[in-house]
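Secondary and tertiary structure notes
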Amino acid sequence: MGIFIISETKFSYLNPGAVNIFSADSPEEILGKPVLEYVHQDFHAIFRKQVSTLIKQNKPILAVEERWLRLDGVPTELVVSAMPICFEKEPSALLFVQEKL
């Protein structure tokens, strides 16, 4: 399972599972980059709404299916759940992602 943290719409943390899901060699390849670069464009509006729910309304997101992009641009279907957190004193989101079977 991949776990990552989004702060100010950028990746702030990725566990090894998330690094693997995005087909990266290390977290440094993705850390600090805008998350929308890795969300399929068909899901941008949905993702923006989810971030608003998480950060502004402080409500979790239950498991939803979304299309994200690997580092090489290949789409992958993920099941995503998320909860609002505070990370390094900033409102953030903790996401749990799993490849759809």
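The structure under discussion appears in the preceding block.
Let me sum up the structure you'll find in this document.

Procedures and definitions
- Residues numbered from 1 in each chain as written.
- Predicted model: local features only at pLDDT ≥ 70, side-chain atom pairs only at ≥ 80, totals over all residues.
- Heavy atoms only, no water.
- Salt bridge = Lys/Arg side-chain N within 4 Å of Asp/Glu carboxyl O.
- Helix = DSSP H or I, 4+ residues; strand = E, 2+ residues; numbered from the N terminus.
- Buried < 20%, exposed > 50% of the residue type's maximum accessible area, 1.4 Å probe, protein only.

Okay, the pattern of salt bridges next. Per the stated rule, a full pass over the model turns up four salt bridges. Taking the shortest distance from any N to any O, the salt bridge between Lys-100 and Glu-65 comes out at 3.0 Å. Separated by 35 residues along the polypeptide, Lys-100 in the segment after strand S5 (90-99) and Glu-65 in strand S3 (residues 61-69) bring together distant segments of the chain. On the basis of relative accessibility, which here comes to 42%, the residue Lys-100 falls in the partly exposed class. The exposure class of Glu-65 is partly exposed, given its relative accessible area of 48%. Where Glu-77 meets Arg-67, a salt bridge forms, and the shortest distance between an N and an O atom there is 2.7 Å. With Glu-77 in strand S4 (residues 75-87) and Arg-67 in strand S3, this residue pair connects regions lying ten residues apart in the sequence.

Along the chain, the position of Lys-49 falls in helix H2 (residues 44-56). In this structure the C-alpha to C-alpha distance between Lys-49 and Val-39, which are ten residues apart in sequence, comes to 13 Å.

Interpretation note: all reported values are geometric properties and have no functional meaning in isolation.
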